[in-house]
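Here is how the chains run, residue by residue.
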Number of protein chains: 4
Amino acid sequence: MNFQNPVFIPGPTNMPEAIRQACYMPTIDHRSPVFGKILNPCLEGVRKVLKSDSARIFIFPSTGTGGWETALTNTLSPGDGILAARNGMFSHRWIDMCQRHGLDVTVVETPWGEGLPAENYEEVLKADKDHRIKAVLATHNETATGVKSDIAAVRRALDAARHPALLFVDGVSSIGSMDFRFDDWGVDVAVTGSQKGFMLPAGLAIVGFSDKAMKATETAKLPRTFFDVRDMGKGYDNNAFPYTPPVGLMNGLKLSLDMLLDEGLENVFARHHRIAEGVRRAVRAWGLELCAVSPDLYSDTVSAIRTPEGFNATDIVTVAARDYDMAFGVGLGEVAGKVFRIGHLGSLTDAMMLSGLGVAEMVMVDLGLDVKLGSGVSAAQEFYRHGGTARKAAA
Amino acid sequence: MNFQNPVFIPGPTNMPEAIRQACYMPTIDHRSPVFGKILNPCLEGVRKVLKSDSARIFIFPSTGTGGWETALTNTLSPGDGILAARNGMFSHRWIDMCQRHGLDVTVVETPWGEGLPAENYEEVLKADKDHRIKAVLATHNETATGVKSDIAAVRRALDAARHPALLFVDGVSSIGSMDFRFDDWGVDVAVTGSQKGFMLPAGLAIVGFSDKAMKATETAKLPRTFFDVRDMGKGYDNNAFPYTPPVGLMNGLKLSLDMLLDEGLENVFARHHRIAEGVRRAVRAWGLELCAVSPDLYSDTVSAIRTPEGFNATDIVTVAARDYDMAFGVGLGEVAGKVFRIGHLGSLTDAMMLSGLGVAEMVMVDLGLDVKLGSGVSAAQEFYRHGGTARKAAA
Amino acid sequence: MNFQNPVFIPGPTNMPEAIRQACYMPTIDHRSPVFGKILNPCLEGVRKVLKSDSARIFIFPSTGTGGWETALTNTLSPGDGILAARNGMFSHRWIDMCQRHGLDVTVVETPWGEGLPAENYEEVLKADKDHRIKAVLATHNETATGVKSDIAAVRRALDAARHPALLFVDGVSSIGSMDFRFDDWGVDVAVTGSQKGFMLPAGLAIVGFSDKAMKATETAKLPRTFFDVRDMGKGYDNNAFPYTPPVGLMNGLKLSLDMLLDEGLENVFARHHRIAEGVRRAVRAWGLELCAVSPDLYSDTVSAIRTPEGFNATDIVTVAARDYDMAFGVGLGEVAGKVFRIGHLGSLTDAMMLSGLGVAEMVMVDLGLDVKLGSGVSAAQEFYRHGGTARKAAA
Amino acid sequence: MNFQNPVFIPGPTNMPEAIRQACYMPTIDHRSPVFGKILNPCLEGVRKVLKSDSARIFIFPSTGTGGWETALTNTLSPGDGILAARNGMFSHRWIDMCQRHGLDVTVVETPWGEGLPAENYEEVLKADKDHRIKAVLATHNETATGVKSDIAAVRRALDAARHPALLFVDGVSSIGSMDFRFDDWGVDVAVTGSQKGFMLPAGLAIVGFSDKAMKATETAKLPRTFFDVRDMGKGYDNNAFPYTPPVGLMNGLKLSLDMLLDEGLENVFARHHRIAEGVRRAVRAWGLELCAVSPDLYSDTVSAIRTPEGFNATDIVTVAARDYDMAFGVGLGEVAGKVFRIGHLGSLTDAMMLSGLGVAEMVMVDLGLDVKLGSGVSAAQEFYRHGGTARKAAA
C-alpha cells in the first residue's frame, strides 16, 4: 500500500493528516471530565453543520447503516408504515432494512438517475387518510447515481398532505459537503457518517433527532439497545457514553468540525461545487453523460458517469487501480457495469482533481474508448482557472 | 491532554504507537482487493487467539456491547429463554439487553466478587426439561469486579444437564490477555472488542460463532440488519463488508494479531499474569483486599481493590487524575465507591506498572489511608525481579 | 499549512508517510547496541546505492553543504589546488566554499545549461605538471539548471592526463534517483543529502570516501572536528557516533534504502526517467525550452524551464503557490527570473506529476503566456500511458 | 524496538508525541514565505528561553558539537588564546576541538565532580596582561558528572580581571531545563542543541551570539562555511537558510518553545528541580553518593551516581537495558565504570520518574548491591507527594 495518489471513491474520502493524527491519539480515561471536552464540541459542531438550533445529536461507534437503524428502531414499532422511493442502491438498502425490521414499506419505484418524486409522495400521503405511514424516507444524495434530491420539496409534500409522518433523511454523502437544512426542511432524523464530508475514517454513525422524533422514542416498540438514543442521551448528560466511546474518532471529528466551521460552511459547499463542476465539464468534454438525468440533480460530492453501450464501466475502475494505482468507484446494483463513479468530496484540491481526471482519461484511452487525452483535464482547468481567479479576488 | 503517563483503566489500554500508526493509515478503496489483504489475516488471527479451528469470525464497527447484541439477535427469537448470572456490572448489562429485546431471562443473582455459579447453572438447566432456555450467558472476566470465571465448568454444567442451549461468552476483557479456549470449552458465541487485549482504540466488536450458532441464525427471528452475520458473511466471501468497513482499525488489528502471535499467546498470558501478580502483592502489602473473593477468581487483566469502610474509593481515582495525571478505574454499580480498579492489560511493562503502583500509594497516603509509601511498589519489585530472572533464563 | 498537494520543488521531495514515521520514532539510547541495528544497514545500503564495494560511508547530522565541507576539510590543506567548473548555482557555491577555506581554485567558467567540460578539464590537468591540483570537483546534477554531467568523462580526463588528483562528486540531486557509479567512475568522494533521492527530510550529509580519499585524511591540514571522518569512523567501529547521532533520520534512511533496494535501483532510475520524460514532453508541447542545452544533459530529477524573454519566470512559482497551493522551484543565480523549475524526484507517481503539469499550465495561462490548457498534460499522458502499458507487461 | 518505557539517558529526552508529529510534517517549499512562519517564532522563542533581549540566534542542522564549532570558528583566528577548565567529558571535548582548530588553550584541570573554578579563572585572566586569551569556555552543566557551574561567577571573574575575552557557554544540557541568563551573565556565545530541554530529536545546533560576538565574526580568520553565522544571518533576513533548512525539526522547535513558554520558564525549571530532587533523595536512601561534590553543584537535568569501589557501574546500565528494557546513562571518560547516570530532563512526570527509580533499584539488587527495594522510590514519593500538594495549592 503506497498511499501516494489521492483516492476518488465517493467516501471514505482523502483525510487531512492532522485529522488522522487527532483520531489516533493515545488512550485517555473516557470516564474522566476530559472526555466531555471532546464530546460536547462534537455535538455542538454537528448541530451547526446540520443548520439546526435544537436537534439532539447522537454519535455511535458504527456507520451510516447503523445510523439508519438508529432512526428506525428508536421511533417506530413493528408493522408501522413507511413511505420511500427506490432510486439507487442506498435508498434500496434502507428500504430493505425497514422490511427486515417488520415495517410496512410503500415503495415508489423511481428510475435510477432521477431524484425523489415529491409529487408521488404527496399523492401517497394524501391517500393515507388514517396515517398508517409513520415515517417518510428521503435519500438526500444517492451515492450510487450521483443524484441530489430536493428535501424541501419532500417537506412541502408532507405539509401539503397535512401528514404527521416523520421525515428521515439520509445525508451520508451530503452533510458537510452540500447544503443541508435540518430546521428549515423540517427534518426529523438526519443520518450521516464520519467518512464523507467529515473527512474521517469510517466508524461513526452521526444522527440528529428533532423534538418530534425524540417524542416518538417514548412509544417506539422496535427493540434496540446498542443504538438506543435514550441511553446515549443519558450518557451525554454525564459527559459519557453508555459503553466505551470511540474517543479518537470523536477527537478527529472535533477537529474536522473546527476545520469546516473555520473555513465557513458556505465556502466548503462552494469548494465542493467548484471541484464537482470541473468534473462535470470534463465528462462533457469526453462526450459522456452523467447518470443524473438533469442539472438540478447533479451531486457536488460524486459523479456517476455512464459509459457507452457494450462497454463494461467496471473495467475503468479495475485498470485505474492496476495500472495507475488510483481508486475510482464502481457502479452498484442496477447500474453496475454501466457507470463508474468519481468521488469529489472531502479533503480535495483542484490540483488533486486534475490528477484524477488525467488518470481517468488515460484509462479510457487504454480501454479503447473514444476519448481525447487532455480533453477533460483542459475543460476542468478552464473552469478551475476562473475559480482560481475568484479565489484571488476573495483573498 | 499530555499523554505522558500510562493509563491504568481496564481498557481501552495503552496502545503501542506502531498499532496506532497502522490504524491511521490513509484511505484505500475498501472495494478493491487490497482490503482482502487486511480482512482475511484479521479473521484468521482472531480465530487463532480464540484457539478455534472452525469458528466463523465477524468484525463490526461497534463495541463489545454491539457484540452482545450480535450474539442475541442473530440466534434468538422473541420470548426465548436465557440463563444468566448477575455478578457484576457487565453481566448485569447483558441481562438488561436481553430483557429489552424481549427475551425471558432466568437470572441467578450472585454476589459481586464471586464467579459464575456453574452448579446453580446445572440445576436450572436440569430443571428446564422442555429446553425453553436457548442460550446461557457467561461473562468470562467481570471487568467491574476483577473476577475471572470458569467457562469450562459452565460447559460441564450444560453437558451434565444434556442441555442443547447455546453458550455465549463475554470475553471482552479476557480475550487476547488470558487463556480462552473456544473449541475446548464448546463456546457457541464469543464476544470481544478491540480496546482491551488487542491494544486498539475502541470501535470494533469482534465475535466468533460456532457451527451450531451459525445454524441458529437461520431460524432466529429477532430483527437485525447492521449486526446481521449473514450479510457480513456474504460480504466476506467477496473480501468486502455489507457497508463501509473500518479499514484503519482493522489494519491495526492485523498488526496487533501479528504482535500477539509473534510473542506467543502463552507468553502474552504469562506476561499478563506476572504483571497482575505484582499488583496483587502490592495490594496485600497495602493491607487491602481484592473484590474477587478467592485466588482462583483473580483476574489477570484488572484488579478491583476494596477500600476500608467509610472511605470513598472513587476519591483515589479523582485525586490520581487531578494531582498526578494518572487514570485508574472507578467502581461501578453495586461496588461504586467501595472499590477502585487498576487495569493491567494490553501494552504494559513491569516498569510502567511500578509507576502506577507508586502513584496509587501516593494518592492513598494523600487521602489519609494507612498505607506505607513504597510498600506496594517493593512487593511488586520483589516479584518482578524474579520474573526478570525468569526472562533472563528464557532469553 | 495544508499539505494536500504534492510539491514539485527539486528537493526536499515528497516523503512517503512510512518514512516520516520511521524518522520520528521515540527516543532510544544511542549508546546501546540497538543503534548499531540502524547504523550498519544505513552504511551498507548507501554503499549499494553508490554502486561501490569498498567506499567508506559517513553520515553527518548536516546537509549536502556540510558534505562538501567534509570532502574538502578531510582531504586537503590550505593552499591546495582545486579544479572546478562553474555551470550553475551549486557548483558556484562549492567553489566559493573552497575559496573561503583557503584553497586555490582553477575555475572553468561554463555557460549555465551546459555540462561539465571534460575536455577543458583534461587540458588543465595536463598543464598541471607539478600536480598542484589536489582535487577535481564535479557536480553530477546541477539542480539549478537541470543539467546532468558525464562523470565518467571527467574520470577519463583525469586518466588521460595521468593526474593523481582526487575526484569529488556532488551527487546531491542525483544519487538514489539516477545512475551513479562510485567504483566504475573512480570517484574519491561522493556527496549527497537525505532530502532528495532518499525521500527524507533535510538533515543528513551522506558521503562516501574511496581508499585514496581515506589516505588523504592522514595528511590533510584543514581544521575540522564536527566533520572529521576519522572520529566518525572510530565511532562507527563501536556502533556509535562521536556525538549524538540523528537516530530518527537514520532510521528513516534505513527504511528508504530498503524501499529503494526492494524496488531495484534500475527500476527506480527508470521510474525517474519515465516521469521526467513526461515533463519534458509537456515542456515541448508548451512551446518552451529547457535550460539544459542538449538531450544528453537532461536531468531526470529536475527540469529548469526557460520562459520567454521579458517574462519573469518567478511569477509562475509565486502564483502557483498563492492561487493553487502548489510549490515549484524558482530560478537561482544567473538564471533567476529566466527559468522556473519542476522537481520530479523522490516519491512521485505519474498521476501526481499530471497534477503538477496541470497547475503549471493554469498558471502560465493566468499569467498570459501563450500556452494551451491541457497541451502539456496530454503530451505527458500519452507518454505515461505507454509507460503504463510497459508496467502492465512487466507485472 | 518497543518504546513502552520512558528513557532516562541525559538526552535525547523523552519527546512529547505532539512535538514528534510537528517534526514529521510533510514537505513544504522552504523558499516560500511559509518558512518564515516557522523560522521567526523559533528565533524569537529561543531568545526568550535564553533570557536575552538582543542575542542573535542561529539554528544549524547539526548538534551541540557543531554549536561549539560555530562559536569558535566565527569569532577566533588560528593561535588565539582560550581559557578553559576540564572537569568532565564535555568540557574535555570542547578543549580538544579548540586544539584541533589551532587555538592555544590554557587548561585549568579540575577534579571531575567539581564545578568551574571561577577563582582560578580570575587569576589566569589577571595574569594575561596582553589579552592573548580571546575567549573563556564555560560548561554550564557537565552532562558527564551532573555538575552545574556558576556562570555568573565566571562573568564576575572576567569583570574583576577587566578582561575583554569573550564568554562562551555550553548550555547543551541546561538551556530550557535550568535557569540560563544570557544577558545578566554577559554571555557572548551560548550553545545548545535540540535533543535536551527542547525535547526534540537530535539534529539542531542552536546558538546565541551577543553583539560583541557578532563583531568578532568580522575579523575571525578560522575557516568556516557551513557554520558561518554571517551567511546564516543573511539568509534569515530573507526568511531563508543559505542551504536546505531542517524544516520539520524547526517546526517541532516552534511547538516546543510554545509549550515551554506556555508552561512558564520558571515552572519548567521548578518541575525539573522537583523531579531531580526526588532522584537525589532516592540516591541518598540507597546509601549512594552523587559524583557532584556539593549541593550547590547538583544538576537538575542529570544525576551521576557513584557506585561502591570494585563495582562496575556500567553493569547497571547493561542489565537495565537487557532485563527491563530501560535506558540509563553510562559513565564517560574518567568516571567510566564508576558512575551511572539518570537523566531527568525534558518531557517527564513524577510517575515516569518513579518507574525509573523502581527499575534502578531492581537492577542494583539483581547485581548484589546493598540496596533495599522500595527505599529510593519511597524517598522520592515522599518528596513528590508534597510537590503534589504544592501543585494542588497552585491549581
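Basis of the calculations
Residues numbered from 1 in each chain as written. Chains lettered and ligands numbered in written order. Predicted model: local features only at pLDDT ≥ 70, side-chain atom pairs only at ≥ 80, totals over all residues. Pairing = 2+ DSSP bridges. Helix = DSSP H or I, 4+ residues; strand = E, 2+ residues; numbered from the N terminus. Contact = placed C-beta atoms within 7 Å. Nonpolar A, V, L, I, M, F, W, Y, C, P; charged D, E, K, R; others polar. Axes fitted to C-alpha atoms, helices over the stretch in contact; angles between N-to-C directions. Parallel < 35°, antiparallel > 145°, perpendicular 65-115°, else oblique. Left-handed = near helix turned anticlockwise from the far one by under 90°. Buried ≥ 20, exposed ≤ 12 C-beta atoms within 10 Å, placed from the backbone. Arc of directions from axis to C-beta.

**Quick look at the sheet that holds strand β13 (residues 339-343) of chain A**
All names here are of chain A.
- Read across the sheet, 4 strands follow the order β10-β11-β13-β12 without closing on themselves; strand pairing throughout is antiparallel. Sheet topology places β10 (289-290) and β12 (329-330) at the edges, where each strand pairs with a single neighbour.
- Strand direction decides the pairing type here: β12 and β13, joined by 2 bridges, are antiparallel. Bridge pairing links G329 to R341 in β13.

**Focus on the interface of chain C and chain D**
- Listed per partner, the contact involves 47 residues of chain C and 46 residues of chain D.
- Split by residue class, the side of chain C that touches chain D holds 26 nonpolar, 16 polar and 5 charged.

**Some details on the sheet that holds strand β2 (residues 81-86) of chain C**
All names here are of chain C.
- The strand order across the open sheet built from 7 strands is β1-β9-β8-β7-β4-β2-β3, with neighbouring strands paired in mixed fashion. With one partner strand each, in any of the chains shown, β1 (56-61) and β3 (104-109) form the two edges of the open sheet. Shown here is a sheet whose adjacent strand axes are inclined to one another by a mean of 20 degrees, direction ignored.
- Pairing between β2 and strand β4 (residues 133-139): 3 bridges, direction parallel. When the bridges of β4 are listed, I82 appears paired with A135.
- Set on the sheet, helix α4 (residues 89-100) makes contact with β2, β3, β4 and β7 (166-170); between it and β2 the angle comes to about 155 degrees.
- Lying on the sheet, helix α5 (residues 118-127) is in contact with β2, β3 and β4; it crosses β3 at an angle near 145 degrees.

**Observations concerning the packing of helix α2 (residues 33-49) of chain A against helix α9 (residues 247-263) of chain A**
All names here are of chain A.
- Across the interface, α2 lies against α9 with an axial gap of 9 Å and an inter-helix angle of 45 degrees. The angle between the axes of α2 and α9 places the two elements in the oblique class. As for the relative orientation of α2 and α9, their crossing is left-handed in sense. Of the residues in α9, those touching α2 at F35, I38, L39, P41, C42, G45, V46, K48 and V49 are V247, M250, N251, L253, K254, L257, L260 and L261.
- When grouped by side-chain class, the residues that make up the contact of α2 with α9 number 13 nonpolar, 2 polar and 2 charged.

**So, helix α5 (residues 118-127) of chain A**
All names here are of chain A.
- When α5 is considered as a whole, its buried residues turn out to be A118, Y121, V124 and L125. When α5 is viewed along its axis, its buried side chains cluster within an angular range of 120 degrees and face the same direction. Away from its buried face, by an angle of more than 90 degrees, α5 presents the exposed residues E119 and A127.

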